[in-house]
Structures are given as C-alpha cells and as structure tokens.
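Results of the structural survey
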Amino acid sequence: MWEWRGKSKPALLEISNQRESWYTPEACIQFKDHFHAQVRSACQQRNTGTVGLKISKVVVVGDLYVGKTSLINRFCKDAFDRDYKATIGVDFEIERFEIAGVPYNLQIWDTAGQEKFKCIASAYYRGAEVIITVFDLADIQTLDHTKQWLEDALRENEPGSSFIFLVGTKKDLVSDAACERTELDAIRFANEMQAEYWSVSAKTGENVKEFFSRVAALAFEQCMLKELEKSIGRMAQIGAGNLIKLEGNALETQENNSQANLSCC
Amino acid sequence: MAVAGSGLRGPPGGEGGGGSSLTMERIRSLTDLPELEAAYSRLCGEEKVVQEELEALLEQQNTIESKMVTLHRLGPNLQLIEGDARQLAGMITFTCNLAENVSSKVRQLDLAKNRLYQAIQRADDILDLKFCMDGVQTALKKEDYEQAAAHIHRYLSLDKSVIELSRQGKEGSIIDANLKLLQEAEQRLKTIVTEKFNAATKEGDLPQVERFFKIFPLLGLHEEGLSKFSEYLCKQVANKAEENLLLVMETDMSDRRAAVIFADTLTLLFEGIARIVETHQPIVETYYGPGKLYTLIKHLQVECDQQVEKVVDKFIQQRDYHRQFQHVQNSMVRSSAADKIEPRELDPILTEVTLMNARSELYLRFIKRRIISDFEVGDSMASEEIKQAHRKSLDKLLNNCLLSRTMQELIGYYITMEEYFMWETVNKAVAMDTCEKGQLISSMVDDVFYIVKKCIGRALSSSSIDCLCAMINHSTTLLESDFREVLCTKLKLGFPATTFQDIQRGVTSAVNIMHSSLQQGKLDTKGIESTDEAKQSFLVTLNNVEVCSENIMTLKKTLENDCAKLLSQGFGGEQAEAKIESCLADMAAVSNKFRDLLQEGLSELNSTAVKPQVKPWINLFLSVSHNIEEEEFNDYEANDPWVQQFIVNLEQQMAEFKAGLSPVIYDSLSSLLTSLIAIELEKVVLKSTFSRLGGLQFDKELRSLIAYLTTVTTWTIRDKFARLSQMATILNLERVTEILDYWGPNSGPLTWRLTPAEARQVLALRIDFRSEDIKRLRL
C-alpha cells in the first residue's frame, strides 16, 4: 500500500515516525501516520472515482535566482546545471507517480522570478493545490520577499484550498551554523504563512526527493478527499431527488439478468 | 611370509593406507599373546584383500595383452607418419622463409615509395613556396588580390615543418629571404585588403565589399572578415531602419496602416535582416565554411536589437504605452467609474502589441532554424559536447537578445491590459444585459463569449504560448468566478412561487388581470409585473447557464484547433502542448461547474414552482372515491372527476416553461416533473380504497395520464410509471389468486418492480379482497 511503484519513493505521511535530518517538527503543518481512512479504503477498493487521472497543480514562486528551476530539474530530471538561465514566462513539468496503487500526476508550474514576467506568471497561479514559495538560504532578503510572493499567489486562489510550502534552497552554500540561524527565521515565517518548511539543496540533491514526495502525498490525499466528497454528494442527491431513477438502474440490471436467463433457456 | 612382508612394508609413499597398518617393528615388539593374535588376524584379513586385488588384476591381463598386440601392429604406421610430418614441417619452414624474404622487400619498397612521396611533396612544397613568392609579388603588382590571397593561402596551408626543413638545406639563406618576403607580402596583403574593404564599405560598393570579404578567409582572417562584413551589413540595416522610422513619424494618422505602423516597421526591419541573411548565407557558407552563420547573425543581432529598441521606444512614446499601463493598473484598483480608462481605447494598442510580438517570434524562429541547420552541416562530425555548446550559445543568443527581452516586457504589460480590457468589457456586457422577447437567452451570454473569444484570439495572434495560456487562465477565472457569480446571484433570487389561485386561473387569466390592472393604473401592476419579470429572468438565466456551459466546450474545441495549427508551425517550446492542454482542461472544468449550477437551478425550480402546485392537484385524487359501483363508473365516464382537469392544469403550467426554457432544460424539467408525479401519485393511491370498478377507473386514469406525459416528454417515461402501472394491474384483478398468473415463474417478460410485501399492500386496497386470501398467497 505504501509503495510508489513507479519511482519507489516513499510516501512521506508517516513523518512523525521519522527522525531524519529533513524533518523539522516546528515547521510541519500536519502530523499523521497514514492517509485519511476514507482515502485508504477507497484506494484499497479501487473505488477512486470514475474521472480519469488525478492531477494536482503545483505552483513554484520566489525571487529570481533562488533556484526554483534547479529545484524542479533536480527532482524531475535528476540534473543540475551550474549555468544560470533565467526562466522565461513559465516552465512546466509533469511528474508521474503511483500512490497506493492509484496513478497520480503532479503538474509543476515553474514561474519566472523576474519582475517583468510577474504579469504573465501571476496568470498561472489560479487553481493551485500546492504553492511552493522558494528562497535562497544564502540571501536572507529573498526570505523577506516570500510573503509578498505568497500573497500574490493566494489572491488567485480560494482561501484554504492550497497547501503552502516554504523552501530554503542552496543548503550546500551555507555553513551548518548559518543554516540553522536562517532556519529559525524561516520557521517563524512558515508559521505565519501556515506553511511547512524545508531546507534543500538542488546541487547535492539533499532533501529534494523527500520534499516532493511529501508534496505529492499531501496533495494526493487532498485530491482524493475532494473527489470522494464530490461523489458522496452526488450519491446523496440522487438518493433524495431521483428515487425512481435509481430503480430504473436496478430495473436495467434486472432486465439484463432476465435476458441472460432467456439466452440460457 | 614374503607376501606378508611386502604387505607389512606398505607401498612407498603411502601411509599404510593400501598396505598393512602394522610395521615390522611393531610386530617384533609384540610380546603379549592376545595382541599377537589380534595382529595375526589383522594381517590375515589384509592378505585376503591383497589376494582379491591380485585376482582382479590378473583378470585384466587378457584385455591388456590384446591391447598390446594392437599397439605393436600400429608401430610401423606411426613411423611412416612421423616421416611425413617431418617433411611437412620442413616445407612450411621453407615457405615461411620465402614469404618473409618477399614481404621484407615489399616493406622496403613501400618505405621507399613513402619517402619518395614525401620527397616529391616537399619538393612540390618548396616549388610552391617559390611559386607563391613569385606569384604574390606579381599578383600584388597587378593588383590581382584574389591571386595573391590564393598564394598566401597556399603558403599558410603548407606544413610548417617543411619550411623549417627547407631552411636547413643548402639553400637555406635564399629560402629564408624568400620567406621573409612572403611574410611581408602577407602583411601587406592583409593591410591592403582591410583598407580596400573599408573603402568599399564606405562607398557602399557591394561587389567590392563582397570581393574582399571572400579574400579574408584565404588569409586566415575568418573572424575579422565576418565581423567587418557584418559591420557593413549592420550599417545597411541601420540606414534602412532609420529611413523607415522617419517614414513612421511622417505617417498620417488617417493612413490605413496607422494603427499598426510600429508593427509594420518592425516587420520591415526583420524582413530586411532576413533578406540579408538569405542573400549572404551562400557566400559565407562557400568561402567561410558551414557553422559560421551563427557569428554573422550574432553581429547582425546587435544591430537588430539597437533598431528594435529605437522602434519600441518610439512606440512606447507615441502610443503612451507605459502611461496607459499605469492607468490600467490604477483603474483595476480603483472602482470609481470616472477615473477608469475606457477599454475600447485600449483595443488598437493591444492589437498592435500582439502583432509586434508575432513578428518578433516569426523572425526569431527564422533565425533559429537557419542557425540550427547551418550548425548541423558544420557539426555532422563534431562531438556531442561541441553540439551541446553550440545549442547553448544559440539559446543564449535567442533568449538574451534585447529583442526578446523587450518583447517580453511589452507582453507582460499587454497581459495586464488585455485582462483589464476583458473584465471591463464583460462587466459592461453584463450591465447592458437585455433579453428580447421571444429569445431564450439574454444578450450578455453571446456578448461575454464574443469578448472572451476575442481576447484569447488576440493573445493567440501574438504567437506566444505563455501569453496565450495566461489569457486562457484569466478567461477561465473570469468565467468561473465572476461571470458564474452573476448568473448564480440571479438564480438565487429564485423563481417566485405563485399562489394556488393564480395557477387555478391559469396563465391566460393572469395576463387578463395584468391588462385590466394596466388600465387601472401602474401601481397595481407592479406586483404582477415584477413577479412575471422575475420568473422570466429566472428562466432566461437557466437558459443562459446551459448555453454558457456549451459555449465553453465549443470555445475549448476551437482553441484546441487553433493551438494545434500554431504548434504545427513550430512555435512554442517542448512543453508548449502540455501547457496549453492543461490550461484548456481547466477551462473545460468550468463548463461542468455551469452544468452543476444548472442542476441546482432546476431543482430549485422544481421544488419552489412545480412541486407546491402539482402536489395539491394530485391530492385531489383522494377526494374522488374509487370505491364505486356501475352507476358511478358510468357517471365518471361522462364527467371525468380528476384526471382531465389534472392534465389541463399540468399543460397550462408546463406551457409557461416550455415557452421560456431551452428544449434541453425543458426536457430535464419534465423529467423531474414526471418523477415527481409518479412518486406523489403512488402515495395517494396507497391512501385510497378501490372496488373492482374503481380499479378499472384508476387504470383508465393512469393510462390517459401516461399518454399525455408521453406526448410532452422526449424521454421514455414508462420506466418511471412502471410501479404505478403494476399497481393498476393488481387493482384490476378479478380474484386474489389471479395475481399468481403474473407472478414469479409466470411473469414472462414482465419484471415486477413491487416487492411481495408491496404487492400484498396493494391487493389490500381492494375492499372486495379478503385479507385471509391475501395472507394465504405465496409470493
């Protein structure tokens, strides 16, 4: 049930059980050992709705040159390019998962950090299940700016509909002591933003996979819950208003059965 | 004893494993009788074993002997073979020696040949050198620079070691002098060519420019030649661009192309550069080799950037682009209408910006294609690393050129302005919403989708995928939140419930009342008028919602086709298709939201307008006794007690909806209505009692009801009335037991929708059926 068969990445919900270096209890928005019971049972019964593939939209924002594209490239292509190449407008990656036996996609929108692209990039914030605000651990100013970035992104989304992550990049560039100091500030920010905080390094790959696995697991659970809620709502509606309709379906099956019987005779 | 002795000694090297385990010494040292006896018996046992082994060996003697005989017979043959083999070996050695002799001679010959060739080559080279020296002098004297350059080229391509070697020869001093002359000549030629080229450039003498441009690579001055040549080309581009810009400044505002004059100017600039690339690419390729186009275009791009900057600066200045953007930004924040910028004023400038971007994209794509194909020819043998480096430098050129950056900035502003344009215009359309009489939908739906289509279409015409997707996203947001909110608010007002009496009077009488009250004065009419308007508005909104949902899907399909066209032309990066797909999927999801809204509206209509009226009509059934005799049955025949009036009422009510709703929604509504009737009628039937004739009467009533409903709905309604029909069948039975003819194995094609308990319940409604009989039934 916990295997991600495609990638063999662990789904990181059992976060409280692990005492890994990436784990910062103060900066966690939720602790739980498992997916929501409804989601679990739905996954087991393969009762995951009729609508095709589950997709969640992830938007990555932050100042220019903090390493948004590098972070995504490390995860999606397992590559790191030393040369800085500014993102133009928006870039886009799809990462495929299989969580608890259900195929699942993360659609990652990598926005440009440059001011001149703000108009174009902000058009892509809408409908984001996950907002990842990125800053540079070596540049404290970029942390200050994350609030503005988040505010912009939240404006285009319904309140409370998105998971928020705060990510400090370029961990390899700062000393452990400096990192810890910055992390204290970052965790304070994260608490104010209602975000979960992570420190990563795209260059060394430290925590990158774990981070995205966590993103995928949380987004997947939310996506499934939403879907289940919808289908339950639909059922309720049918039950109350269209009693006959339900019976109609029953009749159809009955008719099918009788036809089968007939053909037997 | 001898056997024992040999056995006791044991085989040499063995540890007594095969022979006796007792040594002679050990036996000798034995004194005790039992020990002696034990030793003896052991020796006896060993002797026996040895005996057996010997026998086995003796048995093999025969076979061994026969084998020996055959071996003896083979002897002479072997001697023969040995002789032959020796002879063969001798021959092989001889041949081998011979071959080595021959090949060593061949090798020597080859060496000699190679040396000879080298000698000839060197002689040739030396001759060439001499020839070059003479040739250069004469060519220079005759001002035949091509010839001179060819000589220099020959000299430059000579092996330096050859020259070095020749200098060491007997005539070293002469050659040294000659070489000096040659080098001098080379320098002189270089200066002359550069001077002449500069002069030709100044005069704008293209044949001369091209002439000297061709000489540069012969002198090993590829980079210099390219840069000087592109300098010349840049100057031409600049001149032309300046002229064009002057023309722009003089253009009359009434000119047909005045609205897009800056886009036109950019187009002229790009076309000029493209033409230059097109005409000069063959020369560059022939004289400089493939892979050099990049250098040329890199130089040209610098000039292009400068000219673009000028044009765009003029554009920004002339069209007040930045101020307009500021104005739009302020208008978005402020809500007071007075300060707001009129969206219509933005229309031309938005079109022009998208056109400018489209031209730039086209130009950049042209350059990209040219450079890539040129690199491909040059890099066919190159390593992957070099190819990668070339690709990177190309990307850098395209992405970092001022043209790209300028256009990105313009498009950034454009998005905001286009978004504003769309919102404002849509708001206007909503505010000006009217519904013509007889129209199912109001004007705003068509207007809004026209506007959205126009805005997305304009973004599409910019050829920038990011810009297009951004506008699709903005449109989706607009439709999903704001426009849907407008419709939602209208639906929330609800469908005004009409009182029971109103319905009794029917629609016609309502109209009569309206007319009469109109004559009396306006005050009284207001109530009815506004109710009527509210009803109309609700129905129109329902239609609007449905059309919106469909329009979104149509829009999505149209956009899909348009985008496919754009992508097939090679615009957009690797992920362009996925980006568009994702944005369009978001848009399609909005269509479902409208569909949900429609369902909400319909059930609202059903529960507030249909149900409260239909229910009392059905309840009237209870007031008509179905416990009747022949006489009453006949009376009912003449004066229908219930169903006819019910149908008339239904017809009147549905007529209102049929006129005001689109066929699809009307269908859904009638489907809801039939379900409602079926449920409610079932309830009242179960509350009534029936005689045999009463059952017949109910059957008749049900049939006419179903017949009527079949005519008004397109869906089959038999399903919904299946339970009721079966109840009628039961109520029509002669005897209780007759049901067994239809039940269970006798049911034939009929599928019972009533449970056995329900069947009993219905049977019990017949007053003439005894409950014991019903109880006794086995269902």
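Residues numbered from 1 in each chain as written. Chains lettered and ligands numbered in written order. Predicted model: local features only at pLDDT ≥ 70, side-chain atom pairs only at ≥ 80, totals over all residues. Heavy atoms only, no water.

Here we come to the overall build of chain B. A tally of regular secondary structure across chain B gives 26 helices and zero strands. In terms of C-alpha radius of gyration, chain B reaches 54 Å, well past the compact-globule figure of 28 Å for 779 residues. Dimensions of chain B along its principal axes, counting C-alpha atoms only, are 140 × 130 × 55 Å. Burial statistics for chain B: of 779 residues in total, 42% are counted as buried. Sequence-distant contacts, at least 24 apart, represent 79% of the contacts inside chain B between residues at least 6 apart. Charge separation in chain B, taken as the distance between the mean sites of 89 positive and 112 negative side-chain charges, equals 3 Å. (Helix = DSSP H or I, 4+ residues; strand = E, 2+ residues; numbered from the N terminus. Rg over C-alpha atoms; globule rule 2.2 N^0.38 Å. Buried < 20%, exposed > 50% of the residue type's maximum accessible area, 1.4 Å probe, protein only. Contact = heavy atoms within 4.5 Å. Lys, Arg positive; Asp, Glu negative; His and termini not counted. Charge placed at Lys NZ, Arg CZ, Asp CG, Glu CD.)

What follows deals with the overall build of chain A. Looking only at helices and strands, one finds seven helices and six strands in chain A. In sequence order, the secondary structure elements of chain A are arranged as α-β-α-β-β-α-β-α-β-α-β-α-α. A burial count over chain A gives 50% of its 265 residues as buried. For chain A, contacts bridging at least 24 residues in sequence account for 74% of all contacts bridging at least 6. Carbon together with sulfur atoms contributes 50% to the accessible area of chain A, which is approximately 12,900 Å² in total. (Areas by Shrake-Rupley, 256 points an atom, 1.4 Å probe, with all protein chains shown as cover.)

Moving on, we come to the interface of chain A and chain B. With 26 residues of chain A at the contact, the number on the chain B side is 36 residues. Summing both sides of the interface, chain A and chain B together bury roughly 2,700 Å²; the carbon and sulfur share of this comes to 54%. Sorting the residues of the side of chain A that touches chain B by element identifies β2 (90-99), β3 (102-111), α3 (118-122) and α7 (243-264) of chain A as the ones contributing at least two each. Element by element, the count of residues in the side of chain A that touches chain B is highest for α7(A), at six residues. (Buried area = accessible area lost by both parts, 1.4 Å probe.)

As a further point, take a nonpolar patch on the surface. Residues Ile64(B), Met68(B), Leu71(B), Leu74(B), Leu78(B), Leu80(B) and Ile81(B) make up a contiguous nonpolar surface patch of roughly 710 Å² in combined accessible area. Among the secondary structure elements, Leu80(B) is positioned in helix α3 (residues 33-141). (Patch = residues over 30% accessible without salt bridge, like charges linked within 9 Å, V, L, I, M, F, W, Y side chains within 5 Å. Salt bridge = Lys/Arg side-chain N within 4 Å of Asp/Glu carboxyl O.)

So, about the packing of aromatic side chains. Ring pairs (aromatic) are described by centroid distance and by the angle formed between their planes. Applying the stated criterion across every chain, the model contains 29 aromatic pairs over all chains. Ring geometry for Phe75(A) against Phe97(A): centres 6.2 Å apart, planes inclined by 20°, an arrangement best described as stacked. With Phe75(A) in helix α2 (residues 68-77) and Phe97(A) in strand β2, this pair connects stretches of sequence that are 22 residues apart. By way of ring pairs, the aromatic residues Phe75(A), Phe97(A), Tyr104(A), Phe165(A), Trp198(A), Phe211(A), Phe212(A) and Phe220(A) are connected into one cluster. Lying over the aromatic face of Phe189(A), Lys147(A) brings its terminal NZ or CZ to 4.7 Å of the ring centre. Sitting above the plane of the Phe421(B) ring, Arg458(B) keeps its charged end 4.9 Å from the centroid. (Phe/Tyr/Trp six-rings, centres within 6.5 Å; stacked < 30°, edge-to-face > 60°. Lys NZ or Arg CZ within 6 Å of the ring centre and 35° of its normal.)

What follows deals with α2(A). Regarding α2(A), the residues found buried are Lys68(A), Leu71(A), Ile72(A), Arg74(A), Phe75(A) and Cys76(A). Asp78(A) occupies a position one or two residues after α2(A) and carries a positive phi of about 50°.

This paragraph deals with unusual backbone geometry. In this model, Asn207(A) sits at a positive phi of 70°, which is unusual for a non-glycine residue. The residue Asn207(A) is located in the loop between β6 (196-199) and α6 (208-241) in this model.

All right, on to the sheet that holds β2(A) then. All names here are of chain A. Strand order in the open sheet formed by six strands is β2-β3-β1-β4-β5-β6, with mixed pairing between adjacent strands. Two strands lie at the open edges of the sheet, namely β2 and β6, each paired on one side alone. With direction set aside, neighbouring strand axes in the sheet form an average angle of 25°. As judged from the 10 bridges shared by β2 and β3, these two strands associate in the antiparallel manner. (Pairing = 2+ DSSP bridges. Axes fitted to C-alpha atoms, helices over the stretch in contact; angles between N-to-C directions.)

Turning next to the pairing of strand β1 (residues 54-62) of chain A. On a regular strand, one side chain projects to one face of the sheet and the next to the other, so that they alternate. Residues and elements named next belong to chain A. Burial within β1 is extensive, with eight of its nine residues counted as buried. Where β1 lies against strand β4 (residues 130-136), five bridges are found, and the strand directions are parallel. Paired with valine 60 across the bridge in β4 is isoleucine 132.

The next point concerns the environment of Asp305(B). Mapped onto the elements of the fold, Asp305(B) is located in helix α10 (residues 293-319). Sequence separation of Asp305(B) and Thr406(B) is 101 residues, and the distance between their C-alpha atoms is 9.1 Å.

So, on to the packing of helix α11 (residues 321-333) of chain B against helix α12 (residues 343-378) of chain B. All names here are of chain B. α12 packs onto α11 with a crossing angle of 120° between their chain directions and a minimal axis gap of 12 Å. If you check the angle between α11 and α12, you find them oblique. Relative to α12, the crossing made by α11 is left-handed. Residue-level contacts link Tyr321, Gln324 and Val328 of α11 to Leu346, Ile349 and Val353 of α12. By residue class, the composition of the contact of α11 with α12 is five nonpolar, one polar and no charged. (Parallel < 35°, antiparallel > 145°, perpendicular 65-115°, else oblique. Left-handed = near helix turned anticlockwise from the far one by under 90°. Nonpolar A, V, L, I, M, F, W, Y, C, P; charged D, E, K, R; others polar.)

All names here are of chain B. Interhelical geometry of helix α7 (residues 206-215) versus helix α8 (residues 222-250) gives an angle of 165° and a closest axis separation of 10 Å. Here α7 lies roughly antiparallel to α8, going by the angle between them. The two elements α7 and α8 cross, and the hand of that crossing is left-handed. Two secondary-structure elements touch here, α7 through Leu206, Val209 and Phe213 and α8 through Gly225, Leu226, Phe229 and Tyr232.

Taken as a whole and judged by the stated rule, the model has 45 salt bridges over all chains. With a closest N to O distance of 2.8 Å, Glu196(A) and Arg214(A) form a salt bridge. In this pair, Glu196(A) is assigned in strand β6 and Arg214(A) in helix α6, connecting sequence segments 18 residues apart. Overall, the relative accessible area of 1% leaves Glu196(A) in the buried class. One salt bridge connects Glu342(B) with Arg344(B), and the closest N-O pair in it is separated by 3.5 Å. Judged by relative accessible area, Glu342(B) falls into the partly exposed class, the value being 26%. Connected through salt bridges with shared partners, the residues Arg126(A), Glu480(B), Asp586(B) and Lys593(B) form a single ionic network.

Residues and elements named next belong to chain A. Of all residues in chain A, 73% attain a pLDDT of 70 or more, and the chain-wide mean is 77. The secondary-structure element of chain A with the lowest mean pLDDT is α7, recorded at 36, while β4 shows the highest, at 95. Contacts of residues 1-22 to residues separated by more than four positions or lying in other chains number 66 contacts, the stretch itself having pLDDT below 50. In this model, residues 236-265 is a region of pLDDT below 50 whose contacts with residues beyond four sequence positions or in other chains number 19 contacts. (pLDDT = per-residue confidence, 0-100.)

Quick look at the state of the cysteines now. The full count for this structure, using the stated rule, is zero disulfides over all chains. A disulfide-free cysteine, Cys563(B) has its sulfur positioned 7.2 Å from the sulfur of Cys469(B), the nearest such atom. (Disulfide = S-S within 2.5 Å.)

Turning our eyes to something else, we now look at the side chain of Glu210(B). As for its placement among the helices and strands, Glu210(B) is situated in helix α7. An unpaired buried charge is present at Glu210(B): no salt bridge exists, and Lys214(B), the closest side chain of opposite charge, is 4.9 Å distant.

Every buried residue belonging to helix α1 (residues 37-44) of chain A is among Val39(A), Ala42(A) and Cys43(A), and all of these are buried. Take α1(A) and look down its axis: the buried residues cluster within an arc of 100°, on one side only. (Arc of directions from axis to C-beta.)

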